[in-house]
Amino acid sequence: MLTKLLRKETPTPPTPAPAPVEHPKEPAPGKPIYLISMAGYPNYGDELITLRWLQYLATTHPTTDVWLDVREPGHAASLFTYAHPKLHITNTLFRAVHEHLQGDLRTPADKVRELSTPNYDLGIIDLLEAGTLHLLGGGYINSLWPENQLLVEAMRAARSISGARLFATGQGLIPRSDETFEDFDHVSVRDLPSAEALSIEVGLDDALLLPPGQAAPSATQSGHPEELYLCIQNDALTPGAHEAMLTFARAQIEHFGIPKERTYYVEAIPGNDYVGYDALRDLVADDGFIPFSRFWRENFAYGPHQIWITSRFHHHLTGALHGARGIALNGQPGYYDVKHQSVLNLGSSWKLVSPLSDPQNPHDLTELTNPRSFIHHIRAKRQEAQKLYPSNPL
């Protein structure tokens, strides 16, 4: 145990950080796994990524303590309570980031190295007792949110003391910051520009880590009547993009001609996405608004009978994974077009439209092509997980 590292609460001069130690290449038996994630906001994509890793570890490492460090542990407790039998939820690193941004001169890495802050010490001890520190995927280590670099620096500080392995998976690094992850034991990225920036092979988004034993979804066209699903976000956009996307979506919905009774609006971020619904509600079924809480708890079923118009990356990814056709909207060039293009490169066959910079006429339903099978991508993601957390072969 690392409790002995606690110091008395009397002021002491800062001490230099210990020299880095040789960290093990295989996990120490019984050592906790520490996940760092943007989940808990909530945002469907971040929640789905986190759920996938928790489900995987629940199958392969059910007796290992798993710590999940997030911004909003209260929300995360509701989202993931039953995802892993030995799950513990905290906000140690995210709280340290927040307080540093609010004026605390000590960075999260300082707090990890000094271990002399009574209201952080217990959480930091949990961090230092972990055998693996794993930064889960998403597009948040980049120049749009430079403060998130503090998370990576804290991981390195912890490794210099504990010798933990450092992982980063499914990362989206565009627009680029100067982070290279070159000293990490494992790094994977989900899009081609990120891979080119690090001179590594392109990898896969973490949401493709389907639970072990779960069969790949079938992309075969179903006999159900076509249904239309919408989600137009109101956050992280280029000025004017929201209005442009709504204008395009309205024209596209009317052009498709799918009855209002079979048109639905799916919320990915509570509140942020409601603005889009409010603007389009005259085209949506009277009971067609699906709030995030219901979408998450009721395990929404994607399917090949669905047509999507959405700006949300993970609606595009998961919809295409299950055979849905659709149109992906780019609301921020240099960020969302990179994300959506990564799914197109996997074989989604969706149309990618940038209504603000490249207005287009509506597309006919016959122009929308069925996605290719994602089975090879699912297998590759499982192989990556198996490499990081060895267990019985899948």
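Throughout what follows, the structure given in this document is the object of discussion.

Rules used throughout
- Residues numbered from 1 in each chain as written.
- Predicted model: local features only at pLDDT ≥ 70, side-chain atom pairs only at ≥ 80, totals over all residues.
- Heavy atoms only, no water.
- Helix = DSSP H or I, 4+ residues; strand = E, 2+ residues; numbered from the N terminus.
- Contact = heavy atoms within 4.5 Å.
- Polar contact = N/O pair within 3.5 Å; in protein donor to acceptor, adjacent residues only side chain to side chain.
- Phe/Tyr/Trp six-rings, centres within 6.5 Å; stacked < 30°, edge-to-face > 60°.
- Buried < 20%, exposed > 50% of the residue type's maximum accessible area, 1.4 Å probe, protein only.
- Lys NZ or Arg CZ within 6 Å of the ring centre and 35° of its normal.
- Pairing = 2+ DSSP bridges.
- Axes fitted to C-alpha atoms, helices over the stretch in contact; angles between N-to-C directions.

**Remarks on the environment of Trp308**
- The topology assignment puts Trp308 in strand E10 (residues 306-310).
- For the pair Trp308 and Arg325, spaced 17 residues apart in sequence, the C-alpha separation works out to 6.4 Å.
- Aside from chain neighbours lying at most four places away, what touches Trp308 is Tyr229, Val266, Phe300, Tyr302, His315, Ala324, Arg325, Gly326, Ile327 and Trp350.
- In this structure the side chain of Trp308 is engaged in a polar contact, spanning 3.0 Å, whose partner is the side chain of Gln306.

**Re the packing of aromatic side chains**
- For the coordinates displayed, the defined rule picks out 23 aromatic pairs.
- Between the aromatic rings of Trp145 and Tyr335, the centroid separation amounts to 5.7 Å while the plane-to-plane angle is 70 degrees, which identifies the pairing as edge-to-face. Highlighted residues: Trp145 in the loop between strand E4 (132-135) and helix H6 (149-162) and Tyr335 in the loop between strand E11 (325-329) and helix H12 (336-346), separated in sequence by 190 residues.
- Residue Tyr335 is classed as buried on the basis of its relative accessible area of 5%.
- Summarising the aromatic geometry, the rings of Tyr265 and Phe289 are spaced 6.3 Å apart at their centres and angled 25 degrees between planes, so their arrangement reads as stacked. You can see Tyr265 sitting in strand E8 (residues 263-266) and its partner Phe289 sitting in strand E9 (residues 289-290), a full 24 residues away along the chain.
- Each member of the aromatic cluster is reached from another via a ring pair, and the members are Tyr44, Phe80, Tyr229, Tyr264, Phe292, Phe295, Trp296, Phe300, Tyr302 and Trp308.
- The positively charged end of Arg95 is found above the aromatic ring belonging to Tyr120, 4.0 Å away from the centroid.

**Considerations on the sheet that holds strand E5 (residues 165-171)**
- Pairing is parallel in the open sheet, where six strands are placed in the order E3-E2-E1-E4-E5-E6. Edge positions in the open sheet fall to strand E3 (87-90) and strand E6 (186-189), since each of these has one partner strand only. Sheet twist, expressed as the average angle between the axes of neighbouring strands with direction ignored, equals 15 degrees.
- Bridge analysis of E4 against E5 gives four bridges, and the strand direction is parallel. Within the sheet, the bridge partner assigned to His134 lies in E5 and is Phe167.
- Sheet contacts for H6: strand E1 (33-36), E4 and E5; angle to E4, the most-contacted strand, approximately 170 degrees.

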